[in-house]
Amino acid sequence: GFYVTGLVWEVLSSLMFHVASHGTVQIVEALKHTYQGVEKGVSWVVGLIILPLVTGFAVDLTFGVPWRVAHDQDMVIAPVPLWVLGIISLKIGLRTVHSVPWISPSARRALLTIQPANRQLDMVTVLQQFRYHLLPPLLILISVPYIVSFHLLPLVGVSVATCYSTWRSVFPMSAAVSVVWIVLSRAVASVVQVHETIRDSLYLVGRRLHNIEA
């Protein structure tokens, strides 16, 4: 405790001497540069390590675990394969959203804001946007079923086997419902578009006949 107190006193004394000699401008600038450096480091770590791991884990829970792991077996988490799977999934997902606008128009608009045509944004800015817009939904997607399956269901007397089955089945079922919803939304939009096209064509034909008769 004595050494820690002495170290803190020395740091405070040096800081007070620096403030008295040079003012607070240099300290504020140093703190600003330090914060920017820490922000960039966090963005690199989250964007290149944590985000691919979380994405790979979610994809594996959706498509891998139901077919690869038996119901009486525990899931073994391998970080490196999950990281590779996450990188591939992010690449395919972003490319699909960018190339097929009707899958998720809002996600495509958000993607265009961080991947403009001139490509003048640096890598840190792109990783920061991915960190703010992609990581929180993925964490919620994973954590909410986990909390419900292993913390809420046991409170109402559900067995451990049923909780584990719920945890395993909720991800593929959610993916199936999402695909069905996207397809149905696209089908409804197509029907509405065809209906509007036919209505506009009939209106134009009626206008032509009215002009001819007049």
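Note that this is a predicted model, so its numbers are computed, not measured.

Parameters at a glance
- Residues numbered from 1 in each chain as written.
- Predicted model: local features only at pLDDT ≥ 70, side-chain atom pairs only at ≥ 80, totals over all residues.
- Heavy atoms only, no water.
- Helix = DSSP H or I, 4+ residues; strand = E, 2+ residues; numbered from the N terminus.
- Buried < 20%, exposed > 50% of the residue type's maximum accessible area, 1.4 Å probe, protein only.
- Contact = heavy atoms within 4.5 Å.
- Areas by Shrake-Rupley, 256 points an atom, 1.4 Å probe, with all protein chains shown as cover.
- Patch = residues over 30% accessible without salt bridge, like charges linked within 9 Å, V, L, I, M, F, W, Y side chains within 5 Å.
- Salt bridge = Lys/Arg side-chain N within 4 Å of Asp/Glu carboxyl O.
- Expected span 1.5 Å × (residues − 1).
- Arc of directions from axis to C-beta.
- Core = buried A, V, L, I, M, F, W, Y, C linked by side-chain atoms within 4.5 Å.

> I'd like to hear about the overall build of the protein chain, residue by residue, with values.
In terms of regular secondary structure, the protein chain is built from seven helices and zero strands. Reading the secondary structure of the protein chain in the N-to-C direction produces α-α-α-α-α-α-α. Across the 214 residues in the protein chain, those meeting the buried criterion constitute 20%. Taking all contacts inside the protein chain whose residues are at least 6 apart in sequence as the whole, residues at least 24 apart take part in 65%. For the protein chain, the exposed surface amounts to about 15500 Å²; the carbon and sulfur share of it is 72%.

> Residue-level account of a nonpolar patch on the surface, with values.
A cluster of nonpolar residues, Trp44, Val45, Leu48, Ile49, Ile50, Val80, Trp83, Val84, Ile87, Ile88 and Ile92, forms a patch on the protein surface that exposes about 930 Å² of accessible area. The greatest single-element share of the nonpolar patch, amounting to six residues, is contributed by helix 3 (residues 79–99).

> Account for the side chain of aspartate 60, naming residues and giving values.
Looking at the secondary structure, you find aspartate 60 in helix 2 (residues 25–68). Aside from chain neighbours lying at most four places away, what touches aspartate 60 is Val65, Pro66, Arg68, Met75, Leu82 and Leu85.

> So what's going on with helix 3? Residues and values would help.
Its 21 residues give helix 3 an end-to-end C-alpha distance of 30 Å, which sits within 8% of 30 Å, the value for a rise of 1.5 Å per residue. Among the residues of helix 3, Leu82, Gly86, Ser89, Leu90 and Val97 are the ones counted as buried. Viewed along the axis of helix 3, the buried residues span an arc of 110°, placing them on a single side of the element. Residues of helix 3 that are exposed and point more than 90 degrees away from the buried face comprise Val80, Pro81, Lys91 and Ile92.

> Quick rundown of the nonpolar core? Include the residues and the values.
For soluble globular proteins, the rule of thumb is that nonpolar side chains tend to be buried together. If you look at the biggest cluster of nonpolar residues, it comprises 19 residues, and the most contacted ones within it are Leu51, Phe57, Leu61, Met75, Ile142 and Trp167. Sort the elements by how many residues they give to this core and helix 2 lands first, with seven residues. Contact partners of leucine 61, with chain neighbours within four places excluded, come to Pro66, Met75, Trp167, Arg168, Phe171 and Pro172.

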